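Structural characterization, general
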Amino acid sequence: MTTRFPERLKTVPDIPKEFGDDGGHFYRYYDELADEIDEDLVKSLKAQLDGILIFAGLFAGVNSAFLALTLPQMSANPADDTNALLLQIAVGGSTNITSAADLPSASFTPPPGIYPINVLFSVSLTLALLSSFMAVLGQQWIVHYRKKGSGGPEHQRWEQLRRYLGAKRWRLEPVLDDLVPGLLQLGLVIFCIAFTLYLGTLSHSLNSIIASLLLVAAVGILAMSTCVAFDPWCLFKLPWSRMVRPVACPIVAVVTWLGVCSAATVIVMVNGIIAVARRMILSFHPPNPGAAERWERIWRSEVDKFTQAYTAGPAKAYKRFLSAAVRSAESLDDLKIIALKRVL
């Protein structure tokens, strides 16, 4: 967005008695700025919705191909009955099949685990179609948002402002920016789970390899998406990043504190074990009183140093981690220096 700002004023202008009595300068600048803001919003949302429609179409095709493989396994294959009857005729009219109850379809049972696989594939396809449908609706909403109405420039200005307030009030941007991609990504996650389960029915070794790759990818994507909870300007954002940010810092703080408490507990237990072992050694080999007292003082001082070092260390690390957990915004002076370096 390239906003055109007016030149810097060299003299103080006369303040009008009423708002708007400045010859239309304010409204002219407002119309230019509002038009650029609305156009930037529409272009960004339209580009995202176009990408969602393309990916949802390809994804739905892949999902349908797998459903074409797994759905027939839920029912008996009529060709099995035909083959059984032809085989009976070929071997000379054997009496193994005397009624419909003797056909292979009568005793058919689906393979174990195929039902949840079909359910997951179907849910994934439904979410893909739903996201594509909402993307089409979103494009219609955007067209309505920028549609010029009748009337003069002043009427169109206030009409567009009412549409802007309505879009903010009904969360148009979060719905199209978070909900629609979130449905498609949720469908993709469910598809990966169903794909892994389907491979498990074919080959356990292949299932282990693909499941490991998908698990590594999921952990990496989840770690990248949670970075926005600690750095608001991080670009690795996903639809659930806005929900993760308010709860990520408290969870990390609690986990870190539990780690510090566990480390302190282990240190206290180790000190107790060492003290008990020392008393047992002294009971079997008692030294002279002067050496025992001197060794006791040295031992206590070393234990105190050890305890302070290994309890203060995690505590300092915990405070440092919490202070650096959420990245603060760069100061204006730093931004000016970075802008100068970027130009140079």
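The sections below set out a description of the structure shown in this document. Only a predicted model underlies this, so the values are computations on that prediction, with no experimental measurement involved.

What about the overall build of the protein chain?
On a plain count of helices and strands, the protein chain comes out with 9 helices and 0 strands. The N-to-C order of helical and strand elements in the protein chain reads α-α-α-α-α-α-α-α-α. Considering the protein chain as a whole, with its 344 residues, one finds that 22% of them fall into the buried category. A sequence separation of at least 24 residues applies to 73% of the contacts in the protein chain between residues at least 6 apart.

Regarding unusual backbone geometry
Phi is positive for Arg171, close to 55°, though the residue is something other than glycine. Along the polypeptide, Arg171 turns up in the loop between α4 (153–169) and α5 (172–202).

Looking at the environment of Arg163
Locating Arg163 in the fold gives a position in helix α4. Residues Arg163 and Tyr145 lie 18 residues apart in sequence; the distance between their C-alpha atoms is 6.4 Å. Apart from the residues lying within four places of it in its own chain, the contact partners of Arg163 are His144, Tyr145, Arg146, Lys147 and Lys148.

Focus on the packing of α5 against helix α6 (residues 204–226)
Two elements in contact, α5 and α6, have axes separated by 7 Å at closest approach and are oriented at 160°. Considering the angle they form, α5 stands roughly antiparallel to α6. Along its contact with α5, which presents Cys192, Phe195, Thr196, Leu199 and Gly200, the element α6 presents His204, Leu206, Asn207, Ile210, Ala211 and Leu214. Considered class by class, the residues forming the contact of α5 with α6 number 7 nonpolar, 4 polar and no charged.

Digging into the packing of aromatic side chains
As enumerated under the stated definition, the model contains 8 aromatic pairs in all. Considering the side-chain rings of Phe55 and Phe59, the 6.1 Å spacing of their centres and the 5° angle between planes classify their relative orientation as stacked. With Phe55 and Phe59 both in helix α1 (residues 25–70) and 4 residues apart, the pair spans about one turn of that helix. Owing to a relative accessible area of 39%, Phe55 belongs among the partly exposed residues under this scheme. Here Phe59 falls in the buried class, since its relative accessible area comes to 5%. The interplanar angle of 85° and the centroid separation of 6.3 Å between the aromatic rings of Phe66 and Tyr198 together place this pair among those described as edge-to-face. Highlighted residues: Phe66 in helix α1 and Tyr198 in helix α5, separated in sequence by 132 residues. Phe66 sits in the buried class, given a relative accessible area of 17%. Put simply, the rings of Phe55, Phe59, Phe66, Phe121, Phe191, Phe195 and Tyr198 touch in pairs and so form one group of aromatic residues.

Some thoughts on a nonpolar patch on the surface
A cluster of nonpolar residues, Tyr115, Val119 and Val123, forms a patch on the protein surface that exposes about 270 Å² of accessible area. Along the chain, Tyr115 falls in helix α3 (residues 114–145). A residue is classified by how much of its surface remains accessible, and Tyr115, at 56% relative accessible area, is exposed.

Re the nonpolar core
Formed by 30 residues in total, the largest nonpolar core has its most connected members in Leu49, Ile52, Phe121, Ile142, Leu176, Val180 and Leu184. Where this core is concerned, the elements lending two or more residues are α1, α3 and α5. Residues within four places of Ile52 in sequence aside, it is in contact with Ser131, Ala135, Val180, Pro181 and Leu184.

Considering the side chain of Arg146
You can see Arg146 is positioned in the loop between α3 and α4. By relative accessible area, Arg146 is classed as buried at 18%. Dropping the residues within four chain positions of it, Arg146 is found in contact with Asp35, Asp38, Glu39, Val42, Gln160 and Arg163.

Thoughts on the pattern of salt bridges
Working definition: two side chains of opposite charge can pair if their charged atoms are close together. On inspection of all chains with the given rule, the structure shows 6 salt bridges. The partner of Arg157 in a salt bridge is Asp31, and the shortest N-O contact between them spans 2.9 Å. With a gap of 126 residues between them, Arg157 in helix α4 and Asp31 in helix α1 connect regions that are remote in the sequence. The class of Arg157 is buried, set by a relative accessible area of 13%. You can call Asp31 partly exposed: its relative accessible area is 30%.

Structural notes on the packing of α1 against α3
Direction vectors running N to C along α1 and α3 enclose 155°, while the axes themselves pass 8 Å from each other. Compared by their axis directions, α1 and α3 come out roughly antiparallel. Where α1 crosses over α3, the handedness of that crossing is left-handed. Here the contact of α1 with α3 is built from residues that sort into 21 nonpolar, 10 polar and 3 charged.

Remarks on the side chain of Ser132
By secondary structure assignment, the location of Ser132 is in helix α3. Each residue touching Ser132, except ones within four places of it in the same chain, is listed here: Leu53 and Ala56.

Scoring rules and cut-offs
- Residues numbered from 1 in each chain as written.
- Predicted model: local features only at pLDDT ≥ 70, side-chain atom pairs only at ≥ 80, totals over all residues.
- Heavy atoms only, no water.
- Helix = DSSP H or I, 4+ residues; strand = E, 2+ residues; numbered from the N terminus.
- Buried < 20%, exposed > 50% of the residue type's maximum accessible area, 1.4 Å probe, protein only.
- Contact = heavy atoms within 4.5 Å.
- Axes fitted to C-alpha atoms, helices over the stretch in contact; angles between N-to-C directions.
- Parallel < 35°, antiparallel > 145°, perpendicular 65-115°, else oblique.
- Nonpolar A, V, L, I, M, F, W, Y, C, P; charged D, E, K, R; others polar.
- Phe/Tyr/Trp six-rings, centres within 6.5 Å; stacked < 30°, edge-to-face > 60°.
- Patch = residues over 30% accessible without salt bridge, like charges linked within 9 Å, V, L, I, M, F, W, Y side chains within 5 Å.
- Areas by Shrake-Rupley, 256 points an atom, 1.4 Å probe, with all protein chains shown as cover.
- Salt bridge = Lys/Arg side-chain N within 4 Å of Asp/Glu carboxyl O.
- Core = buried A, V, L, I, M, F, W, Y, C linked by side-chain atoms within 4.5 Å.
- Left-handed = near helix turned anticlockwise from the far one by under 90°.

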